[in-house]
Amino acid sequence: MQLQNDLLLRAAKGEYTERTPVWLMRQAGRILKEYRATREKAGSFIQLVTNPELAAEVTIQPVDLLCVDAAIIFSDILVIPEAMGLPYVMEEKKGPQFPNTIQSAADIDKLHIAQGEEELGYVAEALRITKRELNGRVPLIGFAGAPFTIFAYMVEGSGSKTFSKAKAMLYREPVLAHQLLQKITDSTINYLKMQITAGVDILQLFDSWAGVLSPEAYSEFSLAYISQICDAITEVPVTVFAKGAFFALPEMANLNCRTIGLDWNMSAADARKVLPNHTLQGNLDPCVLYAEPQQIVKQTKAMIDSFGIGKHIANLGHGVYPDINPDAVRIFIDTVKTYSAEKVAQSK
Ligand code: CP3
């Protein structure tokens, strides 16, 4: 089906757009009271993730309520460990927890490579429903965690400031670590192919914990696997967002992906120098959205100026925080739209 608004896809491909497209990481859920009402109806977070009708509903809410230029499927990166045989629980205020973790070769042997529909058919169904209900209004973004970030949760068992247990495995048992990373990578490729078949228009990899690694470790234990995924996905454009990995941008120039996401620690000018061929996504500090409206407008305009027009997808530098007011998000979105359109018009 022809999309009515394909700004995001054209920007990802480096084509001309009449303004800069905008969406927010973690826009589905977290900040909208309408999301909390649907989650209530589902029972729990995991029940919502595994209920295709309701997952589709919360995926579309930000398109209707915030007027973003894309929908991102409501799910979680942790559905992959679960599909491989390592289930998670989501504890209020504590975030995700794994009752069992991966520590040994025997643990890795017990994991299986996720095939796609078989274990994750509920995500495919949510994508099909979303695609039908969006009816071509905006593109649909699919996603997965990058292998290192998934590895970090599977070994550590929860979120962590340092991910010491996960990093200990990299240095003590690198062969084991590589075996686990390869199993995750193979599962992720199957999962992303399933998402493509179900109708996603573009895919994003979230490497949320990239910033805990040294440049050398990042290259060996993360980029090598991200690179395999980028090479395997040829059907739709791919975005790689590696939080905290400013040091890896020059090496990321070699990735077979269209867009690189930036957090707020990275400057657009520096990124443009080392990534001349990629579209860039980002990167307003989410905390700007706690400020007064004039300040949000000022900072958003400065961000648009820093990236310039073209080859840019506006976003925050990480997911929107749960206590941010949706009205502040609307100011950000409206400013991106009107200010970038003015700049395009002036440049003619
Ligand atoms: O972007 C979207 O809106 C789509 C949905 C989405 C969720 N999680 C829903 C969710 C996406 C893309 C994710 C990715 C994800 N999940 C990441 C990578 C992105 C990032 O922020 O770095 C990570 C690290 C996770 C793991 C995870 N899931 C954590 C740490 C938590 C708890 C804290 C929190 O709110 O992030 C979750 C739970 C989760 N995933 C919620 C949502 C809406 C909150 C649960 C709830 O309160 O309903």
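So, here's what we can say about the structure. Think of each chain on its own: its residues are numbered from 1, step by step along the sequence as written. Residue-level local features of this predicted model are given only where pLDDT is at least 70; pairs of side-chain atoms are given and counted only at 80 or more, and the full residue set underlies all totals for whole chains, interfaces and linings. Think of the side-chain values as coming from all heavy atoms in the structure, minus any hydrogens and water.

1. Quick look at the pattern of salt bridges
As a reminder of what qualifies: Should a side-chain nitrogen of Lys or Arg be within 4 Å of a carboxyl oxygen of Asp or Glu, the pair is scored as a salt bridge. Here a helix means four or more residues in a row that DSSP labels H or I, a strand means two or more in a row labelled E, and each is numbered from the N terminus. Each residue gets one of three labels from its accessible area relative to the maximum for its type: buried under 20%, exposed over 50%, partly exposed in between, using a 1.4 Å probe on protein chains only.
In this structure the tally under the stated criterion is 14 salt bridges. Arg 137 serves as the salt-bridge partner of Asp 64, at 2.7 Å between the closest nitrogen and oxygen. Taken together, the positions of Asp 64 in helix α4 (residues 52–66) and Arg 137 in the loop between α7 (117–134) and β4 (140–145) put the pair 73 residues apart, joining distant regions of the chain. A salt bridge links Arg 330 to Asp 327; its shortest N-O distance comes to 2.8 Å. Linking Arg 330 with Asp 327, this pair stays in helix α15 (residues 326–346), spanning 3 residues, or about one helical turn. On the basis of relative accessibility, which here comes to 29%, the residue Arg 330 falls in the partly exposed class. Each member of the salt-bridge network shares a partner with another, and the members are Asp 6, Arg 10 and Glu 18.

2. What to know about the site of the ligand
Under the convention used in this document: Near is defined per residue: the residue qualifies when any heavy atom it owns lies within 4 Å of the molecule or strand. For the purposes of these results, a polar contact is taken to be a pair of N or O atoms within 3.5 Å, where, inside protein, one atom must be able to donate a hydrogen and its partner to accept one; residues adjacent in sequence count only when each atom of the pair is a side-chain atom. For accessible areas, the Shrake-Rupley method is used with a probe of radius 1.4 Å. Any residue's cover is judged against the shown protein chains and nothing else. Polarity classes work like this: nonpolar for Ala, Val, Leu, Ile, Met, Phe, Trp, Tyr, Cys and Pro, charged for Asp, Glu, Lys and Arg, and polar for all others, with Gly in that last group.
Inspection of the region around the ligand gives 21 residues, with Arg 26, Arg 30, Tyr 35, Arg 39 and Ser 208 positioned closest. Between the ligand and His 318, the relevant distance is 2.7 Å, taken from an oxygen atom to a side-chain nitrogen or oxygen of the residue. Against a free-state accessible area of 850 Å², the protein chains account for coverage of 87% of the ligand. The set of elements that each furnish at least two residues to the shell around the ligand consists of α2 (33–42) and β3 (95–97). Here the residues of the shell around the ligand sort into 12 nonpolar, 5 polar and 4 charged.

3. A few points about the pairing of strand β9 (residues 312–316)
Stated formally: Pairing between strands requires that DSSP locate at least two bridges from one strand to the other. Handedness rule for crossovers: strands pointing away from the viewer, path from the first strand over the helix to the second running clockwise, crossover right-handed.
Within β9, 5 of the 5 residues are buried, leaving the element largely enclosed by the surrounding structure. Burial of β9 is two-sided: the residues His 312, Ala 314 and Leu 316 facing one way and the residues Ile 313 and Asn 315 facing the other way are all buried. Direction of pairing for strand β8 (residues 279–284) relative to β9: parallel, over a ladder of 5 bridges. Note that in β9 the partner of Gly 282 across the bridge is Ala 314. Taken together, β8, helix α14 (residues 293–307) and β9 form a β-α-β motif whose crossover is right-handed.

4. Description of α2
Cut-off, in case you're wondering: Within this analysis, the arc is defined by the directions that extend from the helix axis to the C-beta atoms. Two residues form a contact once any of their heavy atoms are found within 4.5 Å.
For α2, the complete set of buried residues consists of Tyr 35, Thr 38 and Ala 42. Mapping the buried residues of α2 onto a view down its axis gives an arc of 65 degrees, with all of them on the same face. Residues Lys 33, Glu 40 and Lys 41 are exposed on α2 and point more than 90 degrees away from its buried face. The secondary structure elements touched by the buried residues of α2 are α3 (45–49) and α4. Immediately downstream of α2, the backbone of Gly 43 shows phi near 115 degrees, a positive value.

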